[in-house]
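# Examination of the molecular architecture
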Amino acid sequence: AVIDDGVDFGRPDLAGQAWVNPGESGGGREGNGVDDDGNGHIDDVNGWDFCHDDKTVHDVNDDFHGTHVAGTIAARLDGAGIVGVAPDVRVMALKFLGDDDDCGWDYQAIDAIAYATSFGVRISNNSWGGWPSGDDSALYTAIANSGMLFVTSAGNDGVNNDSSPMRSIPASFDLPNILSVAAVDNRGLLASFSNYGPTTVDVSAPGVSIASTVPAYTGTYGSWAAGHRYLSGTSMASPHVTGIAAVLGSQVPSLLDSP
């Protein structure tokens, strides 16, 4: 699962890489306006948009972040564009972030985690976070009870997640199923923006000038045509680790057993 903003599966690198809900596909069920699998979401073929409460996992002028992340994980091995770390994996798109004010609330992240949990998802990528708010117990509990490897970005404030009041959550939650990822550059040096922490940050991965696929976008963060862009952040490091976990888990599934 990519819990993020949405994913544009119309990008050539991601064509055919979407998870397909077996209860909402085949026999014309994809668009019949019926909740065929009875999970409370109508026609949720490839995932769900928890911002706008609909099946559309990509909105125009949005979703460059989740699409970039998904490309790092799962872009096709086809001799064109880029290739993901785990090109045989399929991506469940769970959108709770976006450019508008309907997005980015804790309850939406919790609902996205619950959705992934209901389908037995073993690994989720979570390239997002925020500072502690005083009561983050509901998010903590949702992650703790998810049964999945919860790979998350360490944060981009350049602080120690062990001790700083600006530490990033959920990365700094003390949970055995969280894998918190810092960013390094192409020399293996910690990126200047990356959070760190001997206790709360587990591993590092490439997160500086990472090329991946993006949709056309005009919005809060700029304007560009569909194609590929270089982005930096612990958000870019996390999906490298998610891809590695998927490759290892496919070889030794017991590695993904709940801790």
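Please refer to the structure placed before this passage.
The structure contained in this document is the topic of the report that follows. All residue numbers refer to positions counted from 1 along the written sequence of the respective chain. Totals for whole chains, interfaces and linings use every residue, but because this is a predicted model, local features are given only for residues with pLDDT of at least 70 and side-chain atom pairs only at 80 or more, for both listing and counting. Each side-chain value is derived from all of the structure's non-hydrogen atoms; neither hydrogens nor water enter the calculation.

Along the backbone of the chain there are 4 helices and 11 strands. Dimensions of the chain, computed from the C-alpha atoms along their principal axes, are close to 55 × 40 × 40 Å. Throughout this description, buried means an accessible area under 20% of the type-specific maximum (1.4 Å probe, protein chains only), exposed means over 50%, and partly exposed covers the range between. The buried share among the 259 residues of the chain stands at 51%. For the chain, the proportion of contacts with a sequence separation of at least 24, taken over those separated by at least 6, is 70%. To qualify as a helix, a DSSP run of H or I must reach at least 4 residues; to qualify as a strand, a run of E must reach at least 2; elements of each kind are numbered from the N terminus. Contacts were defined at the residue level, with two residues in contact if any of their heavy atoms lie within 4.5 Å.

Moving on, we come to the layout of surface pockets. Space inside the largest pocket adds up to approximately 590 Å³. Of the two site types, the cavity is a set of points on a 1 Å grid over the protein atoms alone where a 1.4 Å probe fits but cannot get out, and the pocket is an open set with protein on both sides within 12 Å along at least five of seven lines, each lined by residues with an atom within 4 Å of a point. Around the largest pocket, the lining is made up of 28 residues, and of these L97, S127, W128, G129 and Y221 lie nearest the centre. Amino acids are sorted into nonpolar (Ala, Val, Leu, Ile, Met, Phe, Trp, Tyr, Cys and Pro), charged (Asp, Glu, Lys and Arg) and polar (every other residue, Gly among them). Looking at the lining of the largest pocket, its residues break down into 12 nonpolar, 10 polar and 6 charged. Put simply, the second largest pocket is a space of about 370 Å³. Grid points are joined across faces, edges and corners, and a volume is the space filled by probe spheres set on the points.

By definition, a salt bridge exists where a carboxyl oxygen of Asp or Glu is found within 4 Å of a side-chain nitrogen of Lys or Arg. This model, assessed by the stated rule, comprises 7 salt bridges. A salt bridge links D78 to R76, with the shortest nitrogen-to-oxygen separation between them at 3.6 Å. R122 serves as the salt-bridge partner of D257, at 3.4 Å between the closest nitrogen and oxygen. Placement of the pair is D257 in the segment after helix 4 (234-251) and R122 in the loop between helix 2 (106-118) and strand 4 (123-126), with a sequence separation of 135 residues. Look at D257 and you get partly exposed, because its relative accessible area is 49%.

A few words on helix 3 (residues 137-144). Along helix 3, the residues classified as buried are L139, A142 and I143. Down the axis of helix 3, the sector holding all buried residues measures 95 degrees, keeping them to one side. In this fold, the buried residues of helix 3 make contact with helix 2, strand 5 (149-153) and strand 6 (178-184). Note that the arc is computed from the directions linking the helix axis to the C-beta atoms.

What follows covers the environment of A205. Relative to the helices and strands, A205 is located in strand 7 (residues 203-206). For A205, the residues in contact, after removing those within four places along its chain, are V181, A182, A183, V184, A237, H240 and V241.

Glancing now at the state of the cysteines. Defined by distance alone, a disulfide is two cysteine sulfur atoms within 2.5 Å. In total, this model carries 1 disulfide according to the counting rule given. A sulfur-sulfur distance of 2.4 Å marks the disulfide that ties C51 to C103. What sets the handedness of the C51 and C103 disulfide is the S-S torsion sign, and at about 135 degrees it is right-handed. Taken together, the positions of C51 in the loop between strand 2 (47-49) and helix 1 (64-74) and C103 in the loop between strand 3 (93-95) and helix 2 put the pair 52 residues apart, joining distant regions of the chain.

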